[in-house]
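Okay, here's what each chain looks like letter by letter:
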Amino acid sequence: MMNDLIRVAATNGAKALSEYTAKQVLESYGISITREILVQTRAEALAAAQTIGYPVVAKACAAELMHKSEAGAVAIGIQDETALQKAYDRIVASVGAPLEGVLIQEMVSGPRELVVGLTRDPQFGPCVMLGLGGVLTEALKDVVFRVAPFDRIEALDMMAELRAQALLGCFRGQAAADRHALADTLVAIGRIGIDHAQVAEIDINPIIIAPDGRIKAVDALIVLT
Amino acid sequence: MTTTTPFEQHPLYPLINPRSIAFFGASNRFSAMGTNQLHSVQSLGFKGKIYPIHPSEQTVLGLPAFRSVTDLPEVPDLAVLVLPTAIVTQTLEACGKKGIRHAIVVSGGFNEVGGAGTALERELVAVAKRYDIRLVGPNCLGVVNPHHLFNVTFAAFEGRPGHIGLASQSGSLLTQMFHYLEQYRIGFSTGISVGNEAVVDIVECMEYLAACPHTKVIGLYIESIRRGRAFIETARRIVPHKPIVAYYAGGSEAGRRAAFSHTGAMAGPDQLYDGVLRQSGVIRAASLTELFDFCWVLGRCAVPQGRHIAVLTHSGGPGAAAADAASRNHLELTPFAPRTLAKLKSMVPQTGSVNNPVDLTFSRDPLDYFRRIPGVLLEAPEVDGLLVYCFVPPKNMQRMMENQGLSDDELAKLTDAIADDLAANAASMADAHHKPIIGFTYQSTEMPIIRKLLDHGIPVIPTPERAVRAMMALAQYGERVAKILSQQ
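Residues numbered from 1 in each chain as written. Chains lettered and ligands numbered in written order. Predicted model: local features only at pLDDT ≥ 70, side-chain atom pairs only at ≥ 80, totals over all residues.

### Observations regarding the overall build of chain A
Moving on, step 1. For chain A, the helix and strand inventory stands at 7 helices and 11 strands.
Moving on, step 2. Against the globule reference of 17 Å for 225 residues, chain A gives a C-alpha radius of gyration of 17 Å, in line with a compact fold.
Moving on, step 3. Dimensions along the principal axes, computed over C-alpha positions, put chain A at roughly 45 × 45 × 30 Å.
Moving on, step 4. Sequence separation of 24 or more characterises 63% of the internal contacts of chain A that already satisfy a separation of 6 or more. (Helix = DSSP H or I, 4+ residues; strand = E, 2+ residues; numbered from the N terminus. Rg over C-alpha atoms; globule rule 2.2 N^0.38 Å. Contact = placed C-beta atoms within 7 Å.)

Listed below in structure tokens is the structure:
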């Protein structure tokens, strides 16, 4: 079924999958994602937030929308129904592109952000990246690569290679990151690259390490060839 | 009936160990590249037959010349082509018809110039395929195999047959290192300038060097890897048996697909190759100097069990510099066990330090410094490897013996003999304990103790920082092998 998501998008000439669809693909590979519901109306948005529990995040969801925060299409830390209604209207009004819907999502926070991704190299094929995430990714360039496919041991070795690997340990009163879940995520991203020639690039940015050490993909982008 | 080893059955064996050579492009003019290359073959004392092919000369560098490859009395193992681009392919075809199955094409003007050159290279490859010819080049500087007295590079070989097998995407790098390595009493087992890799690529060279018994370590100078996956798989097969060191000279960003994602934007060649080499089990050298430093120690030293090292010095500065470099390279100056400390106390003067770095401040007796103390440190289970600062002015050694009433000549001989004895002892201690000893110095390699240590196979590397990095490379190799074995 997930194969279909990618194939259908590719045959429709889409350049990318929406965040919602991208995360469904990730979840089907066992990657832990935020709880989220795609809604079409304001009423559905309120119901979704009820199910997920406040605070929530609301995001415009469309395949062509690769850099949402720049388009004013994201509202975070929504505490109640009034705020959600306002955010919903603002998002729908500010995004010109046709929407798949608005994504109502649990608010995951934690100061430790990682990036995991996939790129294709002409010589090496699909390559998986792990790095320091969030706004610091490109400033600090603390990233490591491996050529897919690879195993858990290799994935753990990627973590050992990060300059900021201290973030993965017990850090400022927060629990150590679930390295095994992170290793499985890295292996799975490589598998997606092997399984789907139509997938050109993947970004999971950020993966947040929660204070209890669990990891969760908060935002995701899958670019098609 | 003769039997052949798997090494001798390797497809590149006749190319790198030829019994006979057809040589195209040498004349009697030393302004010609080909003439210099044939001279290199002759001057190293090549034992096989050489057949120069020349359209008009009767003899070439004293050898009877042939008009055409078809006139040769036998089918040579190898053809070397140093010809104008335009006639390379037809010449290779003539070689193929004669039955020659190995060729080195030095000539340039192919894929490296693009356009028409790319088309010419395609034709060359088609001919090589048609006649099943293993071809090194084009646009390469040749091959050197001093163990076979075979050197077909531009430069005459200086040095000794050694343990470093180099496959290089820079041709001249090979020849420029002959003398450099010799000063440290090391050398190439084989060097291959791979050129455009039209047929034989760096991966196939790695396979050959892995099988070569003279090669203890494989060095790679890389600008780009074509067969990415084959490189990784081949390297991972080789590394548990033989270390590989690579210097990556950086790739071009051109031709890179415009990236939409952060991941794509971050995938610069340097970051990517860092991961690829680590995944392959290959040790990455940060500079050309390191490429040869790492090949030096990996071919000479035991692999340490861990990253706990001891530093021995009689001078504070170099010892502290080594300690500082060690911590920056994730090597740990291990605290000594009480047993080790007790043994050291009797050998280290009051002014010195028995802690790590062990600092004698003043070396009373080179016997203690090079024999007894290293013995104590190597036998300590908490020590995985030893770095020794080497500074012994020969005059000081001689002064210790002056009161014995010897002549200058006898003093020099005795100094040499003592140095030889100390160095031999250090080498056998390193062997017995299966632990590496790496010396470091600012002195010339001609100082008696340093020369003798080098002769006995103990690396003595200029500067504390380089020696520490070399020790780190040894530790890294142990870790790479352990990881690969754990993945099988």
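### Focus on the sheet that holds strand E4 (residues 74-78) of chain A
Residues and elements named next belong to chain A.
Moving on, step 1. In spatial order, the strands read E2-E5-E3-E4; together these 4 strands make up an open sheet with antiparallel pairing. Of all the strands in the sheet, the pair left with one neighbour each is strand E2 (36-39) and E4. Averaged over all pairs of adjacent strands, the angle between their axes in this sheet comes to 20°, without regard to strand direction.
Moving on, step 2. Note: E2 against strand E5 (residues 101-106), 4 bridges, orientation antiparallel. Bridge pairing in E5 places valine 39 opposite valine 102.
Moving on, step 3. Each of strand E3 (56-61), E4 and E5 is contacted by helix H4 (residues 81-94), which is oriented at about 15° to E3, the strand it contacts most. (Pairing = 2+ DSSP bridges. Axes fitted to C-alpha atoms, helices over the stretch in contact; angles between N-to-C directions.)

### Description of the interface of chain A and chain B
Moving on, step 1. Chain A puts 32 residues into the contact, and the matching count from chain B is 23 residues.
Moving on, step 2. Of all the secondary structure elements, the ones that give two or more residues to the side of chain A that touches chain B are strand E6 (112-121), strand E7 (125-132), helix H5 (137-140), strand E8 (143-147), helix H6 (152-161), strand E9 (199-209) and strand E11 (220-224) of chain A.

### Structural notes on the domain arrangement of chain B
Accessible area lost during the coming together of the parts is what is often quoted as the interface size.
All names here are of chain B.
Moving on, step 1. Under the domain assignment, chain B is made up of domain 1 (6-252 + 259-297) and domain 2 (302-481).
Moving on, step 2. Taken over C-alpha atoms, the centre of domain 1 sits 38 Å from the centre of domain 2.
Moving on, step 3. On the domain 2 side, the residues contacting the 13 residues of domain 1 number 16 residues.
Moving on, step 4. Here the side of domain 1 that touches domain 2 gets 5 residues from one element, more than from any other, and that element is helix H11 (residues 288-300).
Moving on, step 5. By residue class, the composition of the side of domain 1 that touches domain 2 is 8 nonpolar, 2 polar and 3 charged. (Domains from an automatic or database assignment. Nonpolar A, V, L, I, M, F, W, Y, C, P; charged D, E, K, R; others polar.)

### Let's talk about the environment of glutamate 161 of chain A
Moving on, step 1. Mapped onto the elements, glutamate 161 of chain A comes out in helix H6.
Moving on, step 2. A C-alpha to C-alpha distance of 14 Å links glutamate 161 of chain A and leucine 182 of chain A, two positions 21 residues apart in sequence.
Moving on, step 3. Aside from chain neighbours lying at most four places away, what touches glutamate 161 of chain A is Val144 of chain A together with Arg278 of chain B.

### Overview of the domain arrangement of chain A
Moving on, step 1. According to the domain assignment, chain A contains domain 1 (7-16 + 110-224) and domain 2 (35-106).
Moving on, step 2. Here the C-alpha centre of domain 2 of chain A lies 25 Å away from the C-alpha centre of domain 1 of chain A.

### Quick notes on the pairing of strand E5 (residues 78-81) of chain B
Residues and elements named next belong to chain B.
Moving on, step 1. Burial along E5 is two-sided: Leu78 and Val80 and Ala79 and Leu81, pointing in opposite directions, are all buried.
Moving on, step 2. Sheet topology places strand E1 (residues 20-24) next to E5; 4 bridges connect them, and they run parallel. Among the inter-strand pairings, isoleucine 21 is bridged to a residue of E5, identified as leucine 78.
Moving on, step 3. For E5 and strand E6 (residues 102-105), the ladder comprises 3 bridges, and the chain directions are parallel. (Buried ≥ 20, exposed ≤ 12 C-beta atoms within 10 Å, placed from the backbone.)

### Quick look at the pairing of E5 of chain A
Regular strands show a simple pattern: their side chains alternate between the two faces of the sheet.
Moving on, step 1. Relative to E5 of chain A, E3 of chain A runs antiparallel, the two sharing 6 bridges. Within E5 of chain A, the residue paired with alanine 60 of chain A across the bridge is valine 102 of chain A.

### A few points about the packing of H11 of chain B against helix H18 (residues 464-486) of chain B
Residues and elements named next belong to chain B.
Moving on, step 1. Between H11 and H18, the least distance of the axes is 9 Å, while the angle of their chain directions is 60°. In this view, H11 runs oblique relative to H18, as classed from their interaxial angle. For H11 against H18, the interelement crossing comes out right-handed. For the pair H11 and H18, contact is made by Glu290, Asp293, Phe294, Val297 and Leu298 and by Arg466, Arg469, Ala470, Ala473, Leu474 and Tyr477, respectively.
Moving on, step 2. Residue composition of the contact of H11 with H18, by class: 7 nonpolar, no polar and 4 charged. (Parallel < 35°, antiparallel > 145°, perpendicular 65-115°, else oblique. Left-handed = near helix turned anticlockwise from the far one by under 90°.)

### A few points about the sheet that holds E1 of chain B
Residue and element names in this part refer to chain B.
Moving on, step 1. In spatial order, the strands read E2-E1-E5-E6-E7; together these 5 strands make up an open sheet with parallel pairing. Each of the sheet's edge strands pairs with one partner strand only, and the pair in question is strand E2 (49-53) and strand E7 (134-136). Averaged over neighbouring strand pairs, the angle between their axes works out to 20° when direction is ignored.
Moving on, step 2. Note: E6 against E7, 3 bridges, orientation parallel. Looking across to E7, one finds that alanine 103 is bridged to leucine 135.
Moving on, step 3. In the packing of helix H4 (residues 88-98) onto the sheet, the strands contacted are E1, E5 and E6, and the crossing angle to E5 comes to about 165°.

### A closer look at helix H3 (residues 42-52) of chain A
Residue and element names in this part refer to chain A.
Moving on, step 1. Among the residues making up H3, those that are buried are Ala45, Ala48 and Ala49. All buried residues of H3 project into a common sector of 100° when viewed along the axis, lining one side. H3 presents Ala43 and Thr51 as exposed residues on the side facing more than 90 degrees away from its buried surface.
Moving on, step 2. Residue glycine 53 follows H3 closely and has a positive phi angle near 100°. (Arc of directions from axis to C-beta.)

### Quick look at the nonpolar core
Moving on, step 1. Core analysis: the biggest nonpolar cluster contains 232 residues, and Ala58 and Val102 of chain A together with Ala103, Ile104, Val245, Leu387 and Met471 of chain B have the highest contact counts within it.
Moving on, step 2. With 9 residues, H18 of chain B is the single largest residue contributor to this core.
Moving on, step 3. The residues contacting valine 102 of chain A, other than those within four sequence positions of it, are Val39, Ala45, Ala58, Lys59, Ala60, Cys61, Tyr88, Ile91 and Val92 of chain A. (Core = buried A, V, L, I, M, F, W, Y, C linked by C-beta atoms within 7 Å.)

### A few points about helix H17 (residues 448-455) of chain B
All names here are of chain B.
Moving on, step 1. For H17, a buried count of 6 out of 8 residues is recorded, marking the element as mostly surrounded by other parts of the structure.
Moving on, step 2. Among the residues of H17, those classed as buried are Pro448, Ile449, Ile450, Lys452, Leu453 and Leu454.
Moving on, step 3. Once H17 ends, the next one or two residues include glycine 457, with phi positive near 90°.

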